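Examining the three-dimensional arrangement
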Amino acid sequence: MNKQVFSPDVFEGKVAFVTGGGTGITGGVARALAEHGAKVAITSRKMENLEPMKAAIEESGSECHAVAADVRHFEAVEMAISETVERFGKIDIVVNGAAGNFLCWASELSPNGFGTVVDIDTKGTFNVCRAAFDQLKENSGQILNISATLHYLGTPMQIHVSAAKAGVDAITRNLAVEWGRYGIRVNGIAPGPIEDTEGMKRLLPPQLKESLTKKIPLKRFGRIADIEQAALFICSPAAAYISGVTLVVDGGHWLTGTGLS
Ligand code: COA
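Basis of the calculations
- Residues numbered from 1 in each chain as written.
- Predicted model: local features only at pLDDT ≥ 70, side-chain atom pairs only at ≥ 80, totals over all residues.
- Heavy atoms only, no water.
- Salt bridge = Lys/Arg side-chain N within 4 Å of Asp/Glu carboxyl O.
- Helix = DSSP H or I, 4+ residues; strand = E, 2+ residues; numbered from the N terminus.
- Buried < 20%, exposed > 50% of the residue type's maximum accessible area, 1.4 Å probe, protein only.
- Near = heavy atom within 4 Å.
- Polar contact = N/O pair within 3.5 Å; in protein donor to acceptor, adjacent residues only side chain to side chain.
- Areas by Shrake-Rupley, 256 points an atom, 1.4 Å probe, with all protein chains shown as cover.

With respect to the pattern of salt bridges
Taken as a whole and assessed by the stated rule, the structure comprises 12 salt bridges. Two residues, aspartate 121 and lysine 165, come together in a salt bridge whose shortest N-O distance is 3.7 Å. In this pair, aspartate 121 is assigned in helix 4 (residues 111-138) and lysine 165 in helix 5 (residues 159-179), connecting sequence segments 44 residues apart. Each member of the pair, aspartate 121 as well as lysine 165, carries the same accessibility label: buried. The partner of arginine 220 in a salt bridge is aspartate 226, with the nearest N and O atoms 2.8 Å apart. Classification of arginine 220 by relative accessible area gives partly exposed; the value is 30%. Connected via shared salt-bridge partners are Arg31, Glu35 and Glu228.

Thoughts on the site of the ligand
The full set close to the ligand counts 13 residues, and Arg45, Arg72, Ser110, Asn112 and Gly113 are the nearest of them. Between the ligand and arginine 45, the relevant distance is 3.0 Å, taken from an oxygen atom to a side-chain nitrogen or oxygen of the residue. Here an oxygen atom of the ligand sits 3.2 Å away from a polar atom, N or O, in the main chain of asparagine 101. Within the complex, the protein chains bury 56% of what would otherwise be the 950 Å² of accessible surface of the ligand.

Here you go:
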């Protein structure tokens, strides 16, 4: 994206806490928030997945705190949140991007495989929202949950992720209703097929990319920058009256009913 759509200081004075913020879509969102004035804390299970993004953000002149935490474990999330508050003084924006995914037929998926993805995506999202609540309440903050479109129809080999993301969308709506009274906005983004991401590498054999591209109404894969721009909008004051929404950013793909298989 060549043109700067949003003011570079639109998030000046704001602190963002971004899970899965080292790589892929949420890494892009973390970097974009930092490039627009926010101080960002990024988390992932492994520190090595965070170091390159931390270095890139700091190189561009912004502040970044990297903290390893598995979102499945509430105590670890609480520690990461308090480390962030210790370093930056507060949290205004939470982005839930930590997710697990793999292709597996429902008939072959173990209960633990199903539960693992639900634990990361759904319970992890709840854990982070819950642990950050006091901060969000104090700062009239906001939550952005990264979802998917897989569960809008039926997507083969994705029962675990579809169930998990349906839960994430429920969290978005429920918290928007419960926490609106504190000035907390809660929204989501449902990305379609986004190129150059771990998810796409895992889910889409390269030989299928061309045929899938033809099925996308806008005739191209999404880019991480497309999600970054949507995230900047939702987190910005331009979206001050938007809450409880999951914005689909997929070039119109899900409407065609053509899934990943
Ligand atoms: N197919 C089927 N089952 C799988 C699987 C696969 N490819 N990968 C993991 N599982 C199952 C395991 O068999 C296990 O179940 P079991 O105990 O009944 O055998 C269960 O899931 C947990 O697996 P484990 O490897 O112990 O879990 P983990 O916590 O280390 O990591 C993931 C699981 C899903 C998070 C891992 O695959 C991962 O790291 N993915 C990368 C993150 C990612 O995909 N990000 C992009 C999101 S779009």
